[in-house]
Every structure is written in C-alpha cells, then in structure tokens.
Amino acid sequence: MARIAYDDSSAAAFAATRHLPTAGLDEWRTAVTRHVPPQGTLLDIGAGTGMWSREFATWFPALQVVAVEPSASMRARSGFSPMIGGDALALPLRAGSVDVVWLSTVIHHIPDLAGLARSLRRVLRPGGRVLIRSAFAGRPDGISLFRWWPEATRVLDTFPGVADVEEAFAGFHADPVEAVPQLSAPSLAAAADGFRRAAHTPLQLITDEEYAAGLERLRAAAQADPHRPLIDCLDLLVLRLPGI
C-alpha cells in the first residue's frame, strides 16, 4: 500500500518526530469542526500512531473514533486504542456505518484512488464526508519541508493532485481546498535538533547528497533564528457524499 515500508525504523522515527503539539492544532480543530458531527462515527484511515484519533476523541467526546492502520510497527506504537489492522481498499467495517472519514498524509500511499472511493462509498452513510489532510502535487507553498529540501518537490509532484482526487471521487461534491496553518515545532532549533529523515516520505525518495544539503539549510536557518516557531500549512480537501 505505502510508497515506503513503515517498518520499525520508520515507525519509530514517525512516533518520535511527527506528533504535532496539541497547542498548535487550534486551526485544525476549527477547520474540522465545520465538517465533523458532535456524535456519530469517524473513521481514521492510515491512523499511524494514533495522534489524530486521540485528538478527535478529545475534541468530540460523544464521537466514536475507529482507527485503522495497515502497519504493525505503527500500531505497536499507537497512543490510541483500539487500533485495527486493515487496508483502505478492504476496510473491516460494515456498510453504511461511518459518518466521517479522515485521511491525514496518507492519500499518496494509496495508488488506486478509484478503489479508495468505492471503499469509502461503501462504509459511509448517505451525506457522509471524507476529510483529506495532505500535501498535494503542485502545491508546495507553505510547507517548510520543501523550503529546506526543494529537490523533494519532484517527489511531491508524483503525489495525487487535487484534481486527481476529485476525479476519482466522481459523484462526491468537493468543497474548495483550504490551507490550514499548524504549529509543526515550537522553534526552528527544536525542529532541527529532532529531525529524522525516516519520518518523511519525500526525503526517503531523494538522494543522500540532496538530503544532506537540505539538512544543512535547516540547521543554518535554526542557527540564524533559533526561537522562531515553525509554522506549516497543509491542505484540507472535503468531499461530500450526497444524502438520501
């Protein structure tokens, strides 16, 4: 399923460096509140180590959160329970049992977008919504990773674009894409000190020389302005299944 193998090394790097500080998620909480009902069932696909599942359960106490993750190494490090093993194209859920689907930085790991759309259409109730948080092809602006590693934009350009996803989800209504800011790290110094290549798909797919050059750029920026917070903007694409 994934572009990279989420083995123990990648999962450990992800758990150590990709969890966003809760205090930096205010804008994401505001953005998703417009689309997530206070009650019902939310399915977190590619839930990783459970960060977003945990946040949704905290933000919406009456919401049932179901987390599905194909990687055993990721599930072993999950901070959310229960975490179900499963694939986005063969979800272990009954038909019409989900109100909202959440996919965070996972859409590029699913090569069959039309198959994903069919899978989600099966489990969603009429009027259900799909929320995709992602970096999309052709949209690197606002993501600091591509500032330090501009070479990684060639990997980003192999990701699905917004139009690709909308085409695959024919029959769903697509809202305009929204760029949502987040606090990715409290400071550039903290980002540089804890950075791990294995946690980032685009960086695993560039050369070692390109990675080393980008790491030097990040360290130089951290040395010049160590206390500056690291703010990124990722896109939110919302797809709505028609109601009855």
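This write-up is about the structure you can find in this document.

Reading guide: rules and limits
- Residues numbered from 1 in each chain as written.
- Predicted model: local features only at pLDDT ≥ 70, side-chain atom pairs only at ≥ 80, totals over all residues.
- Heavy atoms only, no water.
- Salt bridge = Lys/Arg side-chain N within 4 Å of Asp/Glu carboxyl O.
- Helix = DSSP H or I, 4+ residues; strand = E, 2+ residues; numbered from the N terminus.
- Buried < 20%, exposed > 50% of the residue type's maximum accessible area, 1.4 Å probe, protein only.
- Core = buried A, V, L, I, M, F, W, Y, C linked by side-chain atoms within 4.5 Å.
- Contact = heavy atoms within 4.5 Å.
- Expected span 1.5 Å × (residues − 1).
- Arc of directions from axis to C-beta.
- Axes fitted to C-alpha atoms, helices over the stretch in contact; angles between N-to-C directions.
- Parallel < 35°, antiparallel > 145°, perpendicular 65-115°, else oblique.
- Left-handed = near helix turned anticlockwise from the far one by under 90°.
- Nonpolar A, V, L, I, M, F, W, Y, C, P; charged D, E, K, R; others polar.
- Phe/Tyr/Trp six-rings, centres within 6.5 Å; stacked < 30°, edge-to-face > 60°.
- Lys NZ or Arg CZ within 6 Å of the ring centre and 35° of its normal.

### Let's talk about the pattern of salt bridges
Part 1 of the argument: Within this structure, the stated rule accounts for 10 salt bridges.
Part 2 of the argument: Note that R118 is salt-bridged to D112, the shortest N-O span being 4.0 Å.
Part 3 of the argument: In this structure, the salt-bridge partner of R154 is E210, at a minimum N-O distance of 2.7 Å. With R154 in helix α7 (residues 153-156) and E210 in helix α11 (residues 208-224), the pair connects residues that are 56 residues apart, well separated along the chain.
Part 4 of the argument: Under the relative-accessibility criterion, E210 is labelled buried at 18%.

### Some thoughts on the nonpolar core
Part 1 of the argument: Formed by 48 residues in total, the largest nonpolar core has its most connected members in W28, V32, V36, W52, F56, W102 and W149.
Part 2 of the argument: No other element matches the five residues that α11 contributes to this core.
Part 3 of the argument: Apart from the residues within four sequence positions on either side, V36 is in contact with L42, F56, F60, L63, V100 and L131.
Part 4 of the argument: In terms of nonpolar packing, the next biggest core, distinct from the first, is built from 30 residues, V98, V123, V165 and L239 among them.

### Focus: α11
Part 1 of the argument: Between its first and last C-alpha atoms α11 spans 24 Å; for 17 residues at 1.5 Å apiece the expected length is 24 Å, and the two agree.
Part 2 of the argument: Every buried residue of α11 is accounted for by E210, Y211, G214, L215, L218, A221 and A222. Around the axis of α11, the buried residues are gathered within 135 degrees of arc, so they sit on the same side. Of the residues in α11, the exposed ones pointing more than 90 degrees away from the buried face are E209, Q223 and A224.

### With respect to the environment of A220
Part 1 of the argument: Among the secondary structure elements, A220 is positioned in helix α11.
Part 2 of the argument: Relative accessible area serves as the criterion here: at 44%, A220 is assigned to the partly exposed category.

### A look at the side chain of H35
Part 1 of the argument: Mapped onto the secondary structure, H35 falls in the loop between α2 (26-33) and β1 (40-45).
Part 2 of the argument: Classification of H35 as buried rests on a relative accessible area of 10%.
Part 3 of the argument: Not counting residues up to four positions away in its chain, the partners in contact with H35 are V100, R129, L131, D175, L236, V238 and R240.

### Concerning α2
Three- or four-residue spacings in an α-helix give side chains the same orientation, since the helix completes a turn every 3.6 residues.
Part 1 of the argument: Taken together, the buried positions of α2 are occupied by W28, A31 and V32. Buried residues of α2, seen end-on, are gathered within an arc of 90 degrees and therefore sit on one face of the element.
Part 2 of the argument: Buried positions along α2 lie against α3 (51-59), β4 (98-104), β5 (124-134), β7 (178-185) and β8 (230-240).

### Focus: the packing of α2 against α3
Part 1 of the argument: At a closest axis distance of 12 Å, the pairing of α2 and α3 adopts a crossing angle of 65 degrees. Relative to α3, the element α2 is oriented roughly perpendicular. Judged by the twist between their axes, the crossing of α2 over α3 is right-handed. Counted together, W28, R29 and V32 of α2 and W52, F56 and W59 of α3 form the full contact between these two elements.
Part 2 of the argument: A breakdown of the residues in the contact of α2 with α3 according to their chemical character gives five nonpolar, no polar and one charged.

### Details of the packing of aromatic side chains
Aromatic ring pairs are reported here in terms of the distance separating the ring centres and the angle at which the planes meet.
Part 1 of the argument: Scanning all chains against the criterion turns up 11 aromatic pairs.
Part 2 of the argument: Judged by centre distance (6.5 Å) and plane angle (45 degrees), the ring pair of W52 and F56 falls under tilted. Placement of the pair is W52 and F56 together in helix α3, with a separation of four residues, close to one helical turn. The same class applies to W52 and to F56, which are both buried.
Part 3 of the argument: With centroids separated by 5.7 Å and ring planes inclined at 75 degrees, the aromatic side chains of F56 and W59 adopt a geometry described as edge-to-face. Residue F56 and its partner W59 are located together in helix α3, separated by three residues, close to a single helical turn. Considered together, F56 and W59 belong to a single accessibility category, that of buried residues.
Part 4 of the argument: A network of ring pairs unites the aromatic residues W28, W52, F56, W59, F60 and W102 as a single cluster.
Part 5 of the argument: Taking NZ or CZ as reference, R133 lies 5.2 Å from the ring centre of W28, over its face.
Part 6 of the argument: A cation sits over an aromatic face here: R147 above W148, 5.0 Å from the ring centre.

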